[in-house]
Amino acid sequence: MIPEFDHPTYRLAVAQFDQAAEAMNLAPNLRERLKSPQRSLVVGLPIRMDDGQVRVFQGYRVQHDSARGPSKGGLRYHQAVNLGEVAALAMWMTWKTALAGLPYGGAKGGITVNPNTLSNTELERLTRRYAAEIFPLIGPDKDIPATDIGTTPQVMAWLMDTYSQQVGFSVPGAVTGKPLAIGGSLGREEATGQGVVYVTLEALRKKGLALEDTTVVIQGFGNVGSHTAKIFSEAGARVIGVSDVTGGIVNPKGLPIADIVQRHRHGVSFQDMNVGDFLTNDELLTLECTVLIPAAISEQITVHNAERLRCRILSEAANGPTTLDADAILQDRGVFIIPDILANAGGVIVSYFEWVQDVQRFFWKEDDIRERLHEIITAAFHRTLGFAEEKKTTMRIAALMSGIDQVAQAHTARGLYP
Ligand code: NAD
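The model shown is predicted, which means the values in this text are computed figures rather than measured ones. (Residues numbered from 1 in each chain as written. Predicted model: local features only at pLDDT ≥ 70, side-chain atom pairs only at ≥ 80, totals over all residues. Heavy atoms only, no water.)

Okay, the overall build of the protein next. For the protein, the helix and strand inventory stands at 14 helices and 12 strands. The C-alpha atoms of the protein give a radius of gyration of 20 Å, which matches the 22 Å a tight globule of 418 residues would have. Expressed as a percentage of its 418 residues, the buried residues of the protein come to 57%. Counting only contacts in the protein whose residues sit at least 6 apart along the sequence, the fraction spanning at least 24 positions is 68%. (Helix = DSSP H or I, 4+ residues; strand = E, 2+ residues; numbered from the N terminus. Rg over C-alpha atoms; globule rule 2.2 N^0.38 Å. Buried < 20%, exposed > 50% of the residue type's maximum accessible area, 1.4 Å probe, protein only. Contact = heavy atoms within 4.5 Å.)

Below, the structure written as structure tokens:
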């Protein structure tokens, strides 16, 4: 492994890739090419803070592969962001877009910052400076950023505006996850959660479990976690536990999700809501439930808690929530795992719709978006399931093999330049 990328999340992504490459007998030359990113940029971002001082933040953009089209991937603002983590997330984006059949490669970006410690004006200056520094790499035909942990539609609007200022005209297709007013798509905000629910419903059906008897526990209550909770509870499942970075709440009778979403948005802590018992994230992950949905950060399910998980289905809304050792334990215990690159693909699928609408200047109705998302993600689920059964392997390996195979075919067809 190239030492610059060494990081637990990158090691996890590469170990998963090695497992799948081995299982599919991938040619050694392709293995070598796909293991490390195509292009990585590290930028220093000097920002004038509101008190007049200048602070320098570190930013990254990694393009893992672009054999199948422009690269696509979110932008993360989090204090733990570094080059290795961004590279791992970029690699997963390559397999995810290929698995869903989208004409993209994989990328990811990030800034090492806790956005909650910045004022709105500092956040805007940081975002605009980042956009200017990575400008040579991005664009609607090159690499298209989107939201991820710590970034919002407003951040995407600043990115789009800065990009547009550099070229001299409006380029809505330069980013996705934007506000509707500047070419965002209906259904994008809830797309990842909607996709998580669609594939989990297919898994419940496969396991012969009825939705009205289903209990759901969700770790993380940001964009993905809160929408997943809302859509699941509206569909008739009982959401019994939710959490954020400060801890969570449980109520075996079911939580009033619509009310919780409102109050959480207004900054009320779970502890102050008086709708259930407060518990730690570790306690939440080991609650007895039908479906457990990690929707926060990576490496949350490890050897330390995998034996204690009490779910029938693990639906990975977060990227890389399960370590390799924990994965093996859960497989042995018969937990049905919907791997991240499939479970959370709804976000990039609707981002693709947003980009297509921007490029064509022709906007779709919300029903069309939901229907097409459903069609693409459930087809990907059934393709993966069929492949896993045929090859007698896990859903994760089957999903990775399908994605890697598409990318390998593109490389073989294009050949090696020069
Ligand atoms: P977000 O910033 O909106 O929310 C993150 C949530 O996780 C917050 O509730 C936060 O409090 C919680 N959290 C952070 N650290 C935690 C910890 N140590 N323990 C428990 N909870 C913690 O981010 P998001 O966009 O909802 O993304 C969540 C996950 O989903 C990430 O892994 C992201 O990569 C993945 N994902 C997001 C999208 C998308 O469209 N936003 C698409 C695909 C995958």
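This paragraph deals with the sheet that holds strand E3 (residues 71-78). Spatial strand order, E1-E2-E4-E3-E5: 5 strands in an open sheet with mixed pairing. Each of the sheet's edge strands pairs with one partner strand only, and the pair in question is strand E1 (39-48) and strand E5 (143-147). If you compare each strand with its neighbour and ignore which way they point, the axes differ by 25 degrees on average. Pairing of E3 with strand E4 (residues 105-112), which is carried by 6 bridges, proceeds in the parallel orientation. Paired with His-78 across the bridge in E4 is Thr-112. Sheet strands touched by helix H4 (residues 120-133): E1, strand E2 (54-65), E3 and E4. Its angle to E1, the strand with the most contacts, is close to 145 degrees. (Pairing = 2+ DSSP bridges. Axes fitted to C-alpha atoms, helices over the stretch in contact; angles between N-to-C directions.)

Around the ligand sit 22 residues in total, of which Asp-148, Thr-192, Val-224, Ala-296 and Asn-319 are the nearest. Compared with its free state, where it exposes 830 Å², the ligand has 85% of that area covered by protein. Here the residues of the shell around the ligand are counted per class, giving 9 nonpolar, 9 polar and 4 charged. Both domain 1 (3-13 + 36-170) and domain 2 (191-338) contribute no fewer than three residues apiece to the shell around the ligand. (Near = heavy atom within 4 Å. Areas by Shrake-Rupley, 256 points an atom, 1.4 Å probe, with all protein chains shown as cover. Nonpolar A, V, L, I, M, F, W, Y, C, P; charged D, E, K, R; others polar. Domains from an automatic or database assignment.)

So, about the domain arrangement of the protein. Split into domains, the protein comes out as domain 1 (3-13 + 36-170) and domain 2 (191-338). At the interface, 9 residues of domain 1 touch 9 residues of domain 2. Three residues stand out in domain 1 for area buried against domain 2, namely Leu-12, Trp-92 and Ile-149, and they jointly supply 51% of the buried area on that side. Linking domain 1 to domain 2 there are 0 salt bridges. Put simply, domain 1 and domain 2 have 2 residue pairs in polar contact (both at pLDDT 80 or more) between them. Taken together, the elements giving at least two residues each to the side of domain 1 that touches domain 2 come down to helix H1 (8-23) and helix H3 (83-99). Class assignment for the residues of the side of domain 1 that touches domain 2 results in 5 nonpolar, 1 polar and 3 charged. (Buried area = accessible area lost by both parts, 1.4 Å probe. Salt bridge = Lys/Arg side-chain N within 4 Å of Asp/Glu carboxyl O. Polar contact = N/O pair within 3.5 Å; in protein donor to acceptor, adjacent residues only side chain to side chain.)

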